[in-house]
Amino acid sequence: MRRPAPSTMLRLAAAAWVGPHVARAALAHRPDARPTVARDDITVVVPARDEADRLEPLLVALGERYEVVVVDDGSTDGTAALARRSGATVVEAGDRPAGWAGKAWALQCGVEAATGSWIVHLDADVRPAADTPTAAVAAAEELGADLLTVATRVVAPPVARWLHASMLVTLVCRTGGPGGLSPGREMANGQVLAARRTLLAGSDGWSAVADHVTEDVALARHLASVGRHVAMVDGDAEIEFASFGEVWRGWGRSIGLPGIEPRWRSVLDLVALAAVLPLPLARLVLGRGDALDIALLAARWGTALGVGRAYRPAGPAVWMSPIADPVAIGAVAASAFRHHVSWRGRRLPVPRVPPGRSGTRRTS
């Protein structure tokens with residue numbers, strides 16, 4: 001019996017590595033939850049550092065429906081004054097204690113100032129619907145989730161959408177997707193995050209991941225590792241990217257999950273991504289393709305169809321995103337192995353991941 005060629009074995013092994021994650025995303029349960037928690041029992045906590053040019057639409061959308069706490073994390077541009085004029089409670093983060101990363105400390109400060117039994121964290125650049133906080137809490141209750149995050153819709157020009165869609169596919173191939181997170185690969189989107197205040201303020205809350213620069217995913221994986229239920233769902237809140245460069249800088253710093261994945265798994269992920277995403281297309285273009293390449297490329301476009309609902313609009317840029325896969329994989333590699341993350345004037349160290357770090361036990 002003739003042995004398969006090494007390239008065939010590589011592509012088959014890579015498909016087996018990423019296939020279960022993609023399948024979980026495709027078969028995900030998407031709840032249609034109705035709010036059961038009163039608005040006055042929800043506190044919206046917004047960490048903000050120099051966000052005066054992006055914060056106002058969020059505060060206008062929320063209006064006076066919720067208690068809103070804006071944590072001013074050392075801003076120098078009038079963020080705090082804007083938040084006060086909009087009726088929000090402003091908390092000054094002050095100096096970070098030793099061992100705390102910037103955003104994690106701001107989130108902790110907001111939780112400590114909140115009075116609602118549920119906390120909904122929103123990033124300053126999110127454009128929520130008026131019912132985004134109640135819908136997030138309702139989904140958490142329906143799924144029995146201790147921690148629930150919500151995938152946002154992306155508004156961006158075509159070239160930015162092109163890169164973002166490719167980056168998103170790399171994430172689906174590594175972790176699953178909303179409603180279908182893979183065990184041991186739990187993902188989170190800290191742009192919209194809901195949990196009970198007692199959880200976030202306790203020993204398994206933000207203090208458990210204080211040193212992380214990818215604090216949302218770190219918290220999700222920590223909670224799952226101690227038997228908590230972690231979930232992620234689709235939502236209607238929007239996030240806007242103005243350019244290709246903004247996608248590269250903004251999402252590119254975390255797309256490789258720095259400080260989260262052990263390096264051996266990041267290496268395997270990168271090899272698998274290269275083998276199932278750009279390689280089949282390249283082989284077909286060069287006239288060396290086979291039936292396996294056609295199947296992998298068809299699966300790639302099927303994944304593009306699946307992630308297309310995350311964009312307003314999707315358009316040709318999402319369908320053309322396979323061409324951006326080498327760039328996206330480069331972004332994953334650059335992010336995964338960095339030792340520091342620079343963001344808004346801060347240079348923060350990426351914590352080391354113990355080589356034997358294990359996965360988690362429970363997801364939705």
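Conventions we followed
Residues numbered from 1 in each chain as written. Predicted model: local features only at pLDDT ≥ 70, side-chain atom pairs only at ≥ 80, totals over all residues. Heavy atoms only, no water. Helix = DSSP H or I, 4+ residues; strand = E, 2+ residues; numbered from the N terminus. Rg over C-alpha atoms; globule rule 2.2 N^0.38 Å. Buried < 20%, exposed > 50% of the residue type's maximum accessible area, 1.4 Å probe, protein only. Contact = heavy atoms within 4.5 Å. pLDDT = per-residue confidence, 0-100. Core = buried A, V, L, I, M, F, W, Y, C linked by side-chain atoms within 4.5 Å. Expected span 1.5 Å × (residues − 1). Phe/Tyr/Trp six-rings, centres within 6.5 Å; stacked < 30°, edge-to-face > 60°. Pairing = 2+ DSSP bridges. Axes fitted to C-alpha atoms, helices over the stretch in contact; angles between N-to-C directions. Patch = residues over 30% accessible without salt bridge, like charges linked within 9 Å, V, L, I, M, F, W, Y side chains within 5 Å. Areas by Shrake-Rupley, 256 points an atom, 1.4 Å probe, with all protein chains shown as cover. Salt bridge = Lys/Arg side-chain N within 4 Å of Asp/Glu carboxyl O.

1. Some points on the overall build of the chain
Working step 1: Of regular secondary structure, the chain possesses 14 helices and 12 strands.
Working step 2: Taking 2.2 N^0.38 as the reference for a compact globule, 364 residues should give roughly 21 Å; the C-alpha atoms of the chain span a radius of gyration of 20 Å, in line with that estimate.
Working step 3: Viewed in the frame of its principal axes, the chain has a C-alpha envelope of about 70 × 40 × 40 Å.
Working step 4: Burial statistics for the chain: of 364 residues in total, 54% are counted as buried.
Working step 5: Put simply, of all contacts in the chain between residues at least 6 apart along the chain, 81% involve residues at least 24 apart.

2. Here's the deal with the confidence of the model for the chain
Working step 1: The pLDDT averaged across the chain works out to 90; a share of 93% of its residues lies at or above 70.
Working step 2: The lowest-confidence element of the chain is strand S11 (residues 340–343), averaging 78 in pLDDT; the highest-confidence one is strand S4 (residues 118–122), averaging 98.
Working step 3: Across residues 358–364, where pLDDT falls below 50, the model places 33 contacts with residues more than four positions away in sequence or in other chains.

3. Structural notes on the nonpolar core
Working step 1: In terms of nonpolar packing, the biggest core is built from 106 residues, with Val 46, Val 68, Val 70, Leu 148 and Trp 206 touching the most fellow members.
Working step 2: Excluding residues within four positions of it along the chain, Leu 148 makes contact with Ala 136, Ala 139, Ala 140, Leu 143, Val 192, Leu 193, Ala 194, Ala 231 and Val 233.
Working step 3: By size, the runner-up hydrophobic cluster in this structure holds 5 residues, among which are Val 213, Val 341, Leu 348 and Val 350.

4. Observations concerning helix H6 (residues 158–175)
Working step 1: Relative to the 26 Å expected for 18 residues at 1.5 Å per residue, H6 spans 25 Å between its end C-alpha atoms, a close match to the ideal helical length.
Working step 2: Burial runs high along H6: 15 of the 18 residues are buried.
Working step 3: Remark: Gly 176 follows H6 within two positions and exhibits a positive phi of approximately 90 degrees.

5. Things to note about the packing of aromatic side chains
Working step 1: Counted by the stated rule, this structure contains 2 aromatic pairs.
Working step 2: With a centroid separation of 5.2 Å and an interplanar angle of 70 degrees, the aromatic rings of Trp 100 and Trp 105 are classed as edge-to-face. Accessibility classification places Trp 100 together with Trp 105 in one group, the buried group.

6. What to know about the sheet that holds strand S6 (residues 147–155)
Working step 1: The 8 strands lie next to each other as S3-S2-S1-S4-S9-S6-S10-S5, forming an open sheet whose pairing is mixed. Each edge of the open sheet is held by one strand with a lone partner, namely strand S3 (89–92) and strand S5 (126–127).
Working step 2: Bridge count for S4 against strand S9 (residues 192–196) is 5 bridges, and the pairing is antiparallel. Looking across to S9, one finds that Trp 118 is bridged to Arg 196.
Working step 3: In this fold helix H5 (residues 132–143) packs onto strand S1 (42–48), S4, S6, S9 and strand S10 (230–240), with an angle of close to 125 degrees to the strand it touches most, S4.

7. Some points on the packing of helix H10 (residues 263–276) against helix H11 (residues 278–285)
Working step 1: At a closest axis distance of 3 Å, the pairing of H10 and H11 adopts a crossing angle of 30 degrees. Where H10 approaches H11, its residues Leu 273, Ala 274, Ala 275 and Val 276 are matched on the opposing element by Pro 278, Leu 279 and Pro 280.

8. A closer look at the environment of Val 233
Working step 1: Relative to the helices and strands, Val 233 is located in strand S10.
Working step 2: Overall, the relative accessible area of 6% leaves Val 233 in the buried class.
Working step 3: Residues Val 233 and Glu 51, spaced 182 residues apart in sequence, show a C-alpha to C-alpha distance of 26 Å.

9. Thoughts on a nonpolar patch on the surface
Working step 1: On the surface, Leu 10, Val 267 and Val 271 cluster together into a nonpolar patch covering about 220 Å² of accessible area.
Working step 2: For Leu 10, the location among the structural elements is in helix H1 (residues 6–26).
Working step 3: Overall, Leu 10 belongs to the partly exposed group, its relative accessible area being 38%.

10. Some thoughts on the pattern of salt bridges
Working step 1: Going through the model one piece at a time under the given rule, you end up with 18 salt bridges.
Working step 2: In this structure, the salt-bridge partner of Arg 265 is Glu 261, at a minimum N-O distance of 2.7 Å. Residues Arg 265 and Glu 261 agree in their burial class; the two are buried.
Working step 3: Where salt bridges share partners, they join Arg 185, Arg 221, Glu 261, Arg 265 and Asp 269 into one cluster.

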